[in-house]
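Next come the chains, spelled out residue by residue.
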Amino acid sequence: SRPYDADRDGFSAVFNGGDCNDRDRRINPRARDIPGNGVDENCSGRDARVEVERSDGGLVPLPSPFGNRPPSVVLLSLDAMRPDHMSAYGYHRPTTPNLDAFTRRAARFTNAYCASPRSLRSFASLMVGRYPSMVQWGNDVQFPPLEEANLTLAEKLHEGGYFSAAMHDTSYFGHTAGFFQGFDQVFEQYGFDADDPAPTIQQITAFLRTRQQDGRPFLLWTHMMEPHDPYRDRTSPRDFGSAPMDRYDEEIASADASLAPVLAQLDEISKDRPLFVFVYADHGEAFGEHGVNHHSFDLHDEALRVPLLVRGPGVVPGTREALVSLMDIHPTVLNLARRPVGSPVSGLSGSRSQLWRPSLSAIITR
């Protein structure tokens, strides 16, 4: 009450009011604590600190099963895909039969998380290898440009002789200037969420056939917008019902079916060259578990937890329970390609285990 609030900031220093300085209204439990000024403005018990997490990515020499030839890398992402709705992760519905087969020879991460529940920031974090707050952005709020000062994964691999391509069944990312820095070839199917991803699948398979005739290592990033909302009520390849979650599962099944020829072609390519394939989602999707639907609005598990499957020479198949971030893909790929990080990153390579912050550790060993 006001008689016990000397500085009139709405908080008392007595009766559990929480005010640690009742003589200064700028100091109270709801105040913004300015980092590094030596003052505890929000009465937390200490001054706020800015802790910048950057490292060399934890790159180490690779063991013999990984060979010496620079591998090709495929980043295969699906929008808003929850791992607990994939049969590859034990879901009761057969939503991902093709990815189920892929998973049998892959490392399957059960505690993988994105760095942001928004696509642009999640992907930028992966491509730059840093937290979204450490990526250098332009001024646009809706589609913030990636500044040229950012060094992307594609740029770093390009310096090592890699040919890089991005092929998506959406033109969503094309609205963001600088998002395709370092890519030699870009294909975007017009529209936010193509009803028929066949043109993109045809582009991907044609690209892979061309790569089979070219000995250079390549990086391919392909993104499928399904199962992003709006969820279509599909009857093929699966019909689970008409409720929102039923239609979401049908979209997952549709995306899985679309990828079948791509996965088959990757199997063929892997017979002739070292190839690492990363399958993941940019973020999850909520169905009211915490009063939220869709994504971008909260930081609960259903929004941040994502699938992550990794397959390639030397990767021992099986479940991995280590806590990992999609940011860790950036230094892991560079480690596999035997390329330097080039600029400080927040992620950690999967080629070693960090006791204080496990990264993609068990990619190599169980």
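What you see is a predicted model, and the numbers here were worked out from it, not measured in a lab.

## Section: the overall build of the protein
If you tally the helices and strands in the protein, you get eight helices and eleven strands. Counting all 366 residues of the protein, 56% fall into the buried class. For the protein, long-range pairs separated by at least 24 residues make up 65% of all intrachain contacts whose partners lie at least 6 apart in sequence. Summing over all exposed atoms, the protein offers an accessible surface of approximately 16000 Å²; the carbon and sulfur share of this is 50%.

## Points about the confidence of the model for the protein
The predicted model of the protein has a mean per-residue pLDDT of 86, with 89% of residues at 70 or higher. Predicted confidence for residues 351-366 stays below pLDDT 50, and this span has 60 contacts to residues more than four positions away or in other chains.

## Comments concerning helix 2 (residues 119-128)
Buried residues dominate helix 2, accounting for nine of its ten residues. Next to the buried residues of helix 2 lie strand 1 (72-78), helix 3 (153-158), strand 5 (218-224), strand 6 (275-281) and helix 8 (329-336). At the C-terminal side of helix 2, G129 shows a positive phi close to 80 degrees.

## Regarding the nonpolar core
Among the nonpolar cores identified, the biggest contains 79 residues, and L75, L208, L220, W221, F278, Y280 and I329 are the most heavily contacted of them. Top element by residues in this core is strand 6. It accounts for seven residues. Those residues within four positions of W221 in sequence are excluded, and the remaining contacts are L75, S77, F123, M127, A165, A166, M167, H168, F179, F180, F183 and Y280.

## Details of the pairing of strand 3 (residues 163-168)
Of all six residues that make up strand 3, six are buried, and the element is covered over most of its length. Taking every second residue as pointing to the same face, both faces of strand 3 are buried, with F163, A165 and M167 on one and S164, A166 and H168 on the other. The sheet contact formed by strand 3 and strand 5 spans six bridges and is parallel. Opposite F163, over in strand 5, you have F218 as the bridge partner. Of the pairings in the sheet, the one linking strand 3 to strand 4 (residues 185-188) comprises four bridges and is parallel in character. In the strand pairing of strand 4, A165 is matched with Q185.

## Details of helix 8
Burial runs high along helix 8: eight of the eight residues are buried. Taken together, the buried positions of helix 8 are occupied by I329, H330, P331, T332, V333, L334, N335 and L336. Turning to helix 8, the residues buried within the fold contact strand 1, helix 2, helix 3, strand 6, strand 9 (305-311) and strand 11 (324-325). Of the residues flanking the end of helix 8, it is R338, one or two places downstream, whose phi is positive at about 55 degrees.

## Quick word on a nonpolar patch on the surface
There is a patch of nonpolar side chains on the surface, built from Y4, V14 and F15 and spanning about 350 Å² of accessible area. Here F15 shows up in the segment before strand 1.

## A short note on the packing of helix 4 (residues 198-212) against helix 6 (residues 260-269)
Their axes nearest at 10 Å, the elements helix 4 and helix 6 cross at an angle of 5 degrees. In terms of orientation, helix 4 lies roughly parallel with respect to helix 6. Contacts between helix 4 and helix 6 involve I201, I204, T205, L208, R209 and Q212 from the former and P261, V262, Q265, L266, E268 and I269 from the latter.

## Digging into the state of the cysteines
In total, this model carries one disulfide according to the counting rule given. Here C20 is linked by a disulfide to C43, with a sulfur-sulfur distance of 2.2 Å. Measuring the twist about the S-S bond at about -80 degrees, one finds the C20-C43 disulfide to be left-handed. With C20 in the segment before strand 1 and C43 in the segment before strand 1, this pair connects stretches of sequence that are 23 residues apart. By relative accessible area, which is 47% here, C20 ends up partly exposed.

Parameters at a glance
- Residues numbered from 1 in each chain as written.
- Predicted model: local features only at pLDDT ≥ 70, side-chain atom pairs only at ≥ 80, totals over all residues.
- Heavy atoms only, no water.
- Helix = DSSP H or I, 4+ residues; strand = E, 2+ residues; numbered from the N terminus.
- Buried < 20%, exposed > 50% of the residue type's maximum accessible area, 1.4 Å probe, protein only.
- Contact = heavy atoms within 4.5 Å.
- Areas by Shrake-Rupley, 256 points an atom, 1.4 Å probe, with all protein chains shown as cover.
- pLDDT = per-residue confidence, 0-100.
- Core = buried A, V, L, I, M, F, W, Y, C linked by side-chain atoms within 4.5 Å.
- Pairing = 2+ DSSP bridges.
- Patch = residues over 30% accessible without salt bridge, like charges linked within 9 Å, V, L, I, M, F, W, Y side chains within 5 Å.
- Salt bridge = Lys/Arg side-chain N within 4 Å of Asp/Glu carboxyl O.
- Axes fitted to C-alpha atoms, helices over the stretch in contact; angles between N-to-C directions.
- Parallel < 35°, antiparallel > 145°, perpendicular 65-115°, else oblique.
- Disulfide = S-S within 2.5 Å.

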